[in-house]
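Working through the structure, step by step
Here's the letter readout for the chains.
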Amino acid sequence: MTGGVDSVDLLGLIRLAASDYDGMDRLEAVLLPADGGVHPQAPMLVAPIIAYAGDPAALLPDQLLRLLVGVVTDEGGAAAREQLRFFTVNLRALSDMDDYWVAETATALLGFCGPDPALAATLRERADDELDLYRRVTPLVAAARLDPAAAAGWLPALLAPGQPATVRVAAVLALREAGLAPDQAAQAALAEGWAADPEALRWATLRASLRGLLAYAVGGDPGRTAAVLTTIARTGTEQARCDVVDAVAALPGALPPAVADLVTVLLDDEGERVRKRAYALVADDDTLTLRHADWLVQAIERGRNRRSALGALIRVGDKRWRDWAVESLRGGWTPHNLPDALATLPPDPAVHEAMLARVVHLATAIDVRQAAKSAAQQRELRGLLDLLPPAMTVAPLARHLPQMTFPARLWIAHHLAHAGTDDPAVIAAIAAIANGEVTYLRLLWLAGGDVEPLRDALAVAPRLDVLAAVVAAEVFGDADPDVAQRLREIRDSGADIRDRFAAAGALWELTGDAAEVAGTVREALGARSRRTREEAAELAAQIGLDQVG
């Protein structure tokens, strides 16, 4: 057994994968595991993979060959690449098939069967005879890989301005794959070719992005980087200009001034996709945010991308964010860092009113079915609520409490129970939503309401209900003669450590006997839940756990 799958199982997987997508997924997961590398027996599987790909009964021969490409191009695929040389004849036969993707992928694999000048010449002729420009890419790249010395002689002609854009880009990729040094002709071919045809490599098995070819062609030189990107941005298609933004985002270190200036142009590009990409780049990078802060302010004024623009200004400390704080709260375009920023401001009634209105809106609108959005809204609600003077929140929040959604309703009820103790409106609002639930009835009691509904709810709760037992200990204490025994039963039960620790904590508060809880506290110190571990550490310090036998 190696990697959990033996040789016989692997052969069975290959046979299954030849005609079954689920089998293909399973084979890929085994040969190219998620944690990186390739399966140790991958070199032995080159032969059966190619054999099954050539079987007329196979339904997914192209997928098998694509998987083999993934194996041999992996950093750990050197041994598998060596095996390919023994199957040149088989791959050449597959490269002549009518199925486009089988022929295309087999041709790409031939490029790893070198050095082989004769095969390189054959593939070069095939590329020259191909009428479909996109079908020239892979044989050109494969030929260059198979015979770099010869490619150094014929590739320069393919970089020339008179060649089709697709061929010029393919020639740059071929230069890279052959390990040949780029020159100014390669830089010009990349700039002009990509501007005219950013899809040049879309149909090739071995693809490359603009940012990948840019790094090869310019070698990190700032001036050349700017020149190539500027040419594409000024003359390229909308997709090409999108690729420019992506390439800028991938550049390491500080941007050359000319490239930073180019971003300014792209921010107002006529193509919406280009503008969105450029804007996201500026909003996420501190240096670009500072450089284009005036533009971001204008974007807010124009009503474009207001939330992220405001968040970017806050992030870099541009004080102009304050001018838009109230409007963002009222309009609902609040960035995630706004509550922390508002905490730095002196008290302002207008800001507080806007914050309160936003809290009410969030508390009545959060939809937990939209997980990512609701999580952000919940964080915002809690952040804003913490900043508001408690007294101003009581009346409006109590009025809207029945319309609020969970979990905001629970947080607001908890807030009201403490901020509006003995307030009739608060007591009435919590009573209206309690519905016999211990959690809300406890808050009703904390707010100064009638304790009898809570007593009734606790009386019918299951004996091992940890919430009911803990609340009974908190509210009634020794007046409930059975509560300590209930807590002990939960502590000693087979329940989750979080519940047993909660029972132990309530028992400690009730009896003050460290020996009653020491064992559970020690167990909770190793709980999976970080919160439980932290609370256990606090209780351990309180009871002097080290001194307890």
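Let me sum up the structure you'll find in this document. (Residues numbered from 1 in each chain as written. Predicted model: local features only at pLDDT ≥ 70, side-chain atom pairs only at ≥ 80, totals over all residues. Heavy atoms only, no water.)

Here we look at the nonpolar core
- In this structure, Leu84, Leu155 and Ile412 are the most contacted members of the largest nonpolar core, which totals 195 residues.
- Among the elements that line this core, the one with the most residues is helix H11 (residues 165-178), at nine residues.
- Each residue touching Ile412, except ones within four places of it in the same chain, is listed here: Val359, Ala363, Leu381, Leu385, Leu397, Leu401 and Met404. (Core = buried A, V, L, I, M, F, W, Y, C linked by side-chain atoms within 4.5 Å. Buried < 20%, exposed > 50% of the residue type's maximum accessible area, 1.4 Å probe, protein only. Helix = DSSP H or I, 4+ residues; strand = E, 2+ residues; numbered from the N terminus. Contact = heavy atoms within 4.5 Å.)

What to know about the environment of Leu140
- Here Leu140 shows up in helix H9 (residues 137-146).
- Look at Leu140 and you get buried, because its relative accessible area is 4%.
- Separated by 21 residues in the primary sequence, Leu140 and Leu119 place their C-alpha atoms 12 Å from one another.
- Discounting residues that sit within four places of it in the chain, Leu140 has contacts with Arg124, Ala127, Trp154, Leu158, Val167, Ala170 and Ala174.

Quick look at the packing of aromatic side chains
- Under the definition given, this model contains two aromatic pairs.
- With a centroid separation of 4.8 Å and an interplanar angle of 75 degrees, the aromatic rings of Tyr100 and Trp101 are classed as edge-to-face.
- Note on Trp101: relative accessible area 23%, which makes it partly exposed.
- Ring geometry for Tyr279 versus Trp295: centroids 6.0 Å apart, planes at 45 degrees, classification tilted. With Tyr279 in helix H17 (residues 272-284) and Trp295 in helix H19 (residues 293-302), this pair connects stretches of sequence that are 16 residues apart. The same class applies to Tyr279 and to Trp295, which are both buried.
- Its guanidinium or amino end placed over the ring of Trp101, Arg66 lies 4.4 Å from that ring's centre, counting from NZ or CZ.
- The positively charged end of Arg302 is found above the aromatic ring belonging to Trp295, 5.5 Å away from the centroid. (Phe/Tyr/Trp six-rings, centres within 6.5 Å; stacked < 30°, edge-to-face > 60°. Lys NZ or Arg CZ within 6 Å of the ring centre and 35° of its normal.)

As for the pattern of salt bridges
- Counted under the stated rule, the structure contains 28 salt bridges.
- The salt bridge partner of Arg491 is Glu516, with a shortest N-O separation of 3.0 Å. A residue pair is termed long-range when its members are at least 10 positions apart, and Arg491 in helix H31 (residues 483-491) and Glu516 in helix H33 (residues 514-524) qualify at 25 residues.
- Looking at Arg491, the relative accessible area reads 13%, which means it is buried.
- For Glu516, a relative accessible area of 17% puts it in the buried group.
- Via salt bridges that share partners, Arg488, Arg491, Asp492 and Glu516 belong to a single interconnected network. (Salt bridge = Lys/Arg side-chain N within 4 Å of Asp/Glu carboxyl O.)

Some points on helix H28 (residues 438-446)
- Within the span of H28, buried status applies to Val438, Tyr440, Leu441, Leu443 and Leu444.
- Residues of H28 that are buried in the fold lie against helix H26 (408-419), helix H27 (424-434), helix H29 (452-460) and helix H30 (466-475).

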